[in-house]
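Remarks on the overall topology
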Amino acid sequence: RLTPIPNRNGGNGGFAARAVVRSLGLKQIAEQMVREGSKYSENEIIAIADQLFSVVLNRLKNGFSINLGSMLRIRPSIKGKFEREDEAFDPKKHKIFVAVSVGRWLREKIQDTKVTQVK
C-alpha cells in the first residue's frame, strides 16, 4: 500500500510503501511443512522448534551469538551507562536486549517476492 509523504510545504513529497502482511504462528508453519511432505508430524515439528527455542535462549543467556543458517543472527546486548569500569550490572539502570539481524541468504531470497499494489 502506498501512503503519501507530506513535505514541509504541505504538498506531496512522494509516496512510501507499506507492506500489508498477515501473521503466521508456529502451528501454521508446522501444518504447512506437513502439507509440503515433511517426514515429521505437526506435533514433532512443534516439539523440535520448542526445544530449539529453549536452547537458543539458554545460549543467549550464556553470552553466545546465534547464527541460524545465514537466515537470522541473534545476539544479546546490554543497554545503559556504566559510571565506572568496575561497576556491576544493575537491572534498575541497565537492560538486557536481544538484537536480531537478517542474514544475506534471506535478504537475497526475499527479493524475488511478487508485489501487488493494494488500494
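One structure accompanies this document, and this report is about it. No experiment lies behind these values; they were computed from the predicted model shown.

For the rest of this paragraph, the subject is the overall build of the protein. Helix and strand content of the protein: 3 helices and 5 strands. Secondary structure elements of the protein, listed N to C terminal, follow the sequence β-β-α-α-β-β-β-α. Its C-alpha atoms give the protein a radius of gyration of 21 Å, more than 25% over the compact-globule value 14 Å for 119 residues. For the protein, the spread of C-alpha atoms along the principal axes amounts to about 55 × 55 × 25 Å. Burial statistics for the protein: of 119 residues in total, 10% are counted as buried. Summarising the internal contacts of the protein: among those between residues at least 6 apart in sequence, 25% fall at separations of at least 24. About 10,400 Å² of surface is accessible on the protein, with carbon and sulfur atoms providing 55% of the total.

This part covers the environment of Ser77. Within the secondary structure layout, Ser77 lies in strand β4 (residues 72–79). Overall, the relative accessible area of 18% leaves Ser77 in the buried class. For the pair formed by Ser77 and Phe97, sequence separation is 20 residues and the distance between their alpha carbons is 5.2 Å. Those residues within four positions of Ser77 in sequence are excluded, and the remaining contacts are Lys95, Ile96 and Phe97.

So, how was this worked out
Residues numbered from 1 in each chain as written. Predicted model: local features only at pLDDT ≥ 70, side-chain atom pairs only at ≥ 80, totals over all residues. Heavy atoms only, no water. Helix = DSSP H or I, 4+ residues; strand = E, 2+ residues; numbered from the N terminus. Rg over C-alpha atoms; globule rule 2.2 N^0.38 Å. Buried < 20%, exposed > 50% of the residue type's maximum accessible area, 1.4 Å probe, protein only. Contact = heavy atoms within 4.5 Å. Areas by Shrake-Rupley, 256 points an atom, 1.4 Å probe, with all protein chains shown as cover.

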